[in-house]
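Spelled out from the first residue to the last, the chains are:
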Amino acid sequence: MKSVHLVAHGTPGRFEVHDLPDPQPATGEVVVQVFACGLNHLDLWLEEGALPLPIQLPRTPGCEIAGAILATGEGVKDWTKGDRVAIQSNIFCGQCEYCSRGEESLCLNSEMVGVQRDGGFAEQVVVPERALARLPDKVDFETAAALTLAGSTATHMLTSRAKVRPGDWVLVMGASSGVGSAAIQIASQLGAHVIATASSREKRELALKLGAEHVVNAIDESWPAEARKITAKHGVDLVVEHIGGKVLEQAFNCLARGGAIVTCGATAGREVMLNLWPFFVKEHRLIGSYGRNRVDLERTLEWAAAGKLRPVVDRIVPLAETPRAFAALRERTVLGKLVVRSNAG
Ligand SMILES: [Zn+2]
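Here's a quick rundown of the structure. (Residues numbered from 1 in each chain as written. Predicted model: local features only at pLDDT ≥ 70, side-chain atom pairs only at ≥ 80, totals over all residues. Heavy atoms only, no water.)

As for the nonpolar core
Grouped together as the largest cluster of nonpolar side chains are 48 residues, with contacts concentrated most on L158, V170, I184, L238 and V240. Here the element with the most residues in this core is helix α4 (residues 178-189); it accounts for 6 residues. Once you skip the residues sitting within four places of it in the chain, V170 turns out to touch V164, A187, A192, H193, V194, I195, L238 and V240. I91, M112, F121 and L338 belong to the second-largest nonpolar core, a separate cluster that totals 39 residues. (Core = buried A, V, L, I, M, F, W, Y, C linked by side-chain atoms within 4.5 Å. Buried < 20%, exposed > 50% of the residue type's maximum accessible area, 1.4 Å probe, protein only. Helix = DSSP H or I, 4+ residues; strand = E, 2+ residues; numbered from the N terminus. Contact = heavy atoms within 4.5 Å.)

Pasting the structure below:
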């Protein structure tokens, strides 16, 4: 089987495509024939060596995987060859105190597929069976590969972590990103009034098409004031944040009393200044969100099957062009998701 290896970190990193023997499943594992795998900012951090984790190279990246089961290892009972599946990228142990109450995002023994073990930019991938989620018939592989990580991250933020309420003002950062484009759709579907930030005319139009009622220009420094104005000075009740740095600091300026910022990423910086006086006076909350629980992934796929959540796919590229897809994501010229197709499905 063909597999894309990251052999050296860098900007760009060095990739090689290798032909390897087909993998064999160990006890409790399955081999999945990969049909589609989405690209995420996490992949760029892996490429650059910018993750605060020890990484062994070579590594096959790719953490947003959809495909069909090719082989099952000993002890696998619930899955058979041909089953269509999505893979939960935060592989959880299923046994620790957090997993036992359905909080797999907090698993003490979690492992990221495509980061700490080989991922989906390959024709086949091996994962433990507990990482599998069944794909509804109506959800095709490309849709699953564009939502399994980014979409379920947004679901986790808006339901498990921050619990958006009907009528809330929700500000979604980065309308054209994977998390942003899903968050707009989910928040508006749950009855919130959505304001999105976007940095170009194309991205602003996309945000409105996805269900945002208002869009503010992310490049104009006065965007927090603009957002406040839209809410008639009430401020936004919830900010869906994944950019970090100055952007997160500024987001506090448009937050309503009692409002919350839920954050799952920090592409623009991991260290921020927080002024504690307005933070406690206005009873603000800053909520961390990491990965997803099984229930978030299942809900995301159900919404996709019902046509309530549609991924924005910029383009689908063949496996051999994976390094070029990394470059495109880094240049920030993409509108929505980049998806790599491994096998004709
Ligand atoms: Zn666990």
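Section: the sheet that holds strand β14 (residues 255-263)
With parallel pairing, 6 strands are arranged side by side in an open sheet as β12-β11-β10-β13-β14-β15. Two strands lie at the open edges of the sheet, namely β12 (214-217) and β15 (285-288), each paired on one side alone. On average, each strand axis in the sheet is tilted by 20 degrees relative to the strand beside it, whichever way the strands run. Taken together, the 4 bridges between β14 and β15 define a ladder with parallel strand orientation. Paired with I261 across the bridge in β15 is L286. Along the sheet, helix α3 (residues 150-161) contacts β13 (236-241), β14 and β15; its crossing angle with β13, the most-contacted strand, is approximately 145 degrees. (Pairing = 2+ DSSP bridges. Axes fitted to C-alpha atoms, helices over the stretch in contact; angles between N-to-C directions.)

Some thoughts on the side chain of T322
Residue placement: T322 occurs in helix α10 (residues 322-330). With relative accessibility at 0%, the residue T322 sits in the buried group.

Thoughts on the packing of aromatic side chains
Aromatic ring pairs: the centre-centre distance and the angle between the two ring planes describe each pair. Applying the stated criterion across every chain yields a total of 5 aromatic pairs. Considering the side-chain rings of F35 and F141, the 4.6 Å spacing of their centres and the 25 degrees angle between planes classify their relative orientation as stacked. Pair noted here: F35 is in strand β3 (residues 29-38) and F141 is in helix α2 (residues 141-147), with a separation of 106 residues, a long-range link. Overall, F141 belongs to the buried group, its relative accessible area being 13%. Consider the rings of W277 and F280, whose centres lie 5.3 Å apart with planes at 70 degrees: the pair is edge-to-face. Of this pair, W277 and F280 both sit in helix α8 (residues 276-281), separated by 3 residues, roughly a single helical turn. F280 carries the same exposure label as W277, and that label is exposed. What links up through ring pairs into an aromatic cluster is the set F15, F121 and F326. Between the NZ or CZ atom of R84 and the centre of the ring of F141, over which it lies, the distance is 4.8 Å. (Phe/Tyr/Trp six-rings, centres within 6.5 Å; stacked < 30°, edge-to-face > 60°. Lys NZ or Arg CZ within 6 Å of the ring centre and 35° of its normal.)

Quick word on the coordination of the zinc ion
Only C93 (SG), C96 (SG), C99 (SG) and C107 (SG) from the protein reach the zinc ion as donors, at distances of 2.3 to 2.4 Å. Geometry at the zinc ion is tetrahedral, judged from the 4 donor atoms that bind it and their angles of 102 to 119 degrees at the metal. The sequence pattern describing where the donors of the zinc ion fall on their chain is C-x2-C-x2-C-x7-C. (Donors = N, O, S within 2.8 Å, 3.2 Å for Na, K, Ca; no water. Tetrahedral: all angles 85-135°; square planar, octahedral: opposite > 155°, others 65-115°.)

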